[in-house]
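# Working through the structure, step by step
Listed here are the chains, written in short residue letters.
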Amino acid sequence: MTADPPVRDDAWAFGGESAADLGSAMTSLLRSLPTRPRLLGLGEAMHGEEALPRTRNEVLRHLVEHEGYRSIALESDCLAGLIVDEYVTEGVGTFDDVMRHGFSHGLGELETSRELVRWTREYNRDRPAPDRVRFFGFDGPFEMTGADSPRRALTALHGYLAARLEIDLLPYTVGTIDHLVGPDERWTDPAVTMDPSLSVGLSADAGELRLIADDLLALLTAESPRLIRATSRDEWWRAHLYGRTATGLLRYHAVMADTSEARMVRLMGLRDAMMADNLRAVEERERRARRGPTLVYAHNRHLQRDESHWLLPPGWGPLEGRTLRWWSAGAVVGARLGDEYAFVASALGAAPHHGLDAPRPDTLEGILSTLPGNRYVVDSASLAEALGATGTEPAPRTGTSANHGYFPLDPGHLRETDGLLFVRHIAPGADA
């Protein structure tokens, strides 16, 4: 049994126990916003809990079937995501290969990812191309252990240009690129994460590759009228993705070689900047094609509007205990799109099997835990107004969890969200 909510919940909490209830709650929240967003960010409070992406899948189905959404963007490798998109829209490849090669961060191993791909492919099967649901990865080719080699992105961009432009417009050959990149292992060595002296990011080869990437991307833009006529907007868009990724990767590798104390903050900021560029490109592409909005799913820290911060847990050597601060992809995109970007954060009450204990009753999650049901969509503005009217100021949630992967909601930033997806309790193996 839970205590009575300290503020009335009839104006700000919408129950979402069933998939239909959840969908209705999301529609109510969307219709309360001043503008229909082109990008709807749905934050993940903690990686590694399948109940959360399973809820994401429910939300996507509702948005596609009832709100006209026509794409989803995940916190996954943007280049690998092209494999998933070709499969769900055109049936290219096999399901097993797509799950093996179409995701980063281990997402392809999750059953919820498999459910997402299966449903999207089935939904698209008999629909005309303009009405199909597209898939996008919007992260760079990164893992926690480091960044990808620039070879894949650079050679793909060069190949697109070389097949369609005169040879004298291309001052570099693919052989030159391969020679300068060298063995991929020197770029992907996981030891570089903790030892910048091992990075090749500031080597002469890397410097020349950055110039090549910049020149090729400039050539892609300069020749865009005839390239788009010769191929298509979609193919040119894909080539531009390769170019953005190549330049972003090389910039990231250069910072990997930085020996200053600002290294980690710069890396976090660069990653989110790449995410933001990819989200803007997705939004522009879908808008130009006169298609519906996009659901964006990633960790809260990547989608929030306020400044991100991360207290480094044990295991980070001399950096342990330091707080990193940087602007998230959501903050960057929100600054550009205004009300056309909306952010629904997620929050958890308790998940004991993840070391997440029940919240204290004076915290924001504790207040939400007094609601009688297990899953709610919360109107942030209405909740903030209700809390203010009663003089209730939630305390920060600290010292209640052994889980370093859960980032409690900052009650002071409640108005920086458009909504909250709250799950009161998750048991081992249970759906949200």
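Scroll up to find the structure this text is about.
Here's a quick rundown of the structure. For clarity, every value in this text was computed on a predicted model and none was experimentally measured. (Residues numbered from 1 in each chain as written. Predicted model: local features only at pLDDT ≥ 70, side-chain atom pairs only at ≥ 80, totals over all residues. Heavy atoms only, no water.)

## Digging into the layout of surface pockets
Counted as a void, the largest pocket has a volume near 990 Å³. As for the largest pocket, its lining consists of 37 residues, of which H47, E75, M144, R271 and H302 are closest to the centre. Looking at the lining of the largest pocket, the element that brings in the most residues is helix α12 (residues 263-288), giving four residues. Broken down by class, the residue content of the lining of the largest pocket amounts to 19 nonpolar, 10 polar and eight charged. (1 Å grid on protein atoms, 1.4 Å probe; cavity = no way out; pocket = protein on both sides within 12 Å on 5 of 7 lines; lining within 4 Å. Points joined across faces, edges and corners; volume = space filled by probe spheres on them. Helix = DSSP H or I, 4+ residues; strand = E, 2+ residues; numbered from the N terminus. Nonpolar A, V, L, I, M, F, W, Y, C, P; charged D, E, K, R; others polar.)

## Examining the environment of L107
Relative to the helices and strands, L107 is located in the loop between α4 (95-101) and α5 (111-124). Considered as a pair, L107 and E75 are 32 residues apart in the sequence and their alpha carbons are 9.2 Å apart. Filtering out sequence-adjacent residues up to four positions away, L107 remains in contact with E75, S76 and S113. (Contact = heavy atoms within 4.5 Å.)

## Looking at the packing of helix α9 (residues 204-222) against helix α11 (residues 233-256)
The interhelical angle for the contact between α9 and α11, taken along N-to-C directions, is 155°, at an axis separation of 10 Å. By the angle class used here, α9 and α11 are roughly antiparallel. Read as a crossing pair, α9 and α11 show a hand that is left-handed. Here α9 contributes A206, L209, R210, A213, D214, L217, L220 and T221 to the contact with α11, which in turn contributes W236, A239, H240, G243, R244, A246, T247, L250, R251 and A254. The residue inventory of the contact of α9 with α11, partitioned by class, reads 10 nonpolar, four polar and four charged. (Axes fitted to C-alpha atoms, helices over the stretch in contact; angles between N-to-C directions. Parallel < 35°, antiparallel > 145°, perpendicular 65-115°, else oblique. Left-handed = near helix turned anticlockwise from the far one by under 90°.)

## Considerations on empty space enclosed by the protein
According to the stated counting rule, one finds three cavities of 30 Å³ or more in the structure shown. Considering only enclosed or pocket space, the largest cavity measures out at about 160 Å³ in volume. R301, Q304, D306, L409 and D410 are, among the 17 residues lining the largest cavity, the residues nearest its centre. Taken together, the elements giving at least two residues each to the lining of the largest cavity come down to α13 (300-303) and β10 (341-350). For the lining of the largest cavity, a count of residues per class yields eight nonpolar, five polar and four charged.

## Topic: helix α6 (residues 151-162)
Between the first and last C-alpha of α6 there are 16 Å, a value that for 12 residues agrees with the 16 Å anticipated at 1.5 Å per step. Buried within α6 we find R151, A153, L154, L157, H158, Y160 and L161. As for α6, its buried residues are in contact with α7 (174-181), α9, α10 (224-230) and α11. (Expected span 1.5 Å × (residues − 1). Buried < 20%, exposed > 50% of the residue type's maximum accessible area, 1.4 Å probe, protein only.)

## Examining the pattern of salt bridges
Applying the stated criterion across every chain yields a total of 36 salt bridges. Between D234 and R285 there is a salt bridge whose closest N-O contact spans 3.2 Å. Of the two residues, D234 sits in helix α11 while R285 sits in helix α12, which places them 51 residues apart along the sequence. Since its relative accessible area comes to 8%, R285 is described here as buried. E283 is the salt-bridge partner of R287, the closest N and O atoms lying 2.5 Å from each other. Residue R287 and its partner E283 are located together in helix α12, separated by four residues, close to a single helical turn. Overall, R287 belongs to the partly exposed group, its relative accessible area being 36%. (Salt bridge = Lys/Arg side-chain N within 4 Å of Asp/Glu carboxyl O.)

## What to know about the packing of aromatic side chains
Inspection of every chain in the model, using the stated rule, returns five aromatic pairs. Aromatic pair F103 and F135: ring centres 5.6 Å apart, planes at 75°, arrangement edge-to-face. With a gap of 32 residues between them, F103 in the loop between α4 and α5 and F135 in strand β4 (residues 134-139) connect regions that are remote in the sequence. For F103, a relative accessible area of 10% corresponds to the buried category. The class for F135 is buried, based on a relative accessible area of 5%. The cationic tip of R244 hangs over the ring face of W237; the distance from NZ or CZ to the ring centre is 6.0 Å. For R285, the ring lying beneath its charged end belongs to W237, and the centroid distance is 4.3 Å. (Phe/Tyr/Trp six-rings, centres within 6.5 Å; stacked < 30°, edge-to-face > 60°. Lys NZ or Arg CZ within 6 Å of the ring centre and 35° of its normal.)

No statement about biological role is implied by the geometric values presented.
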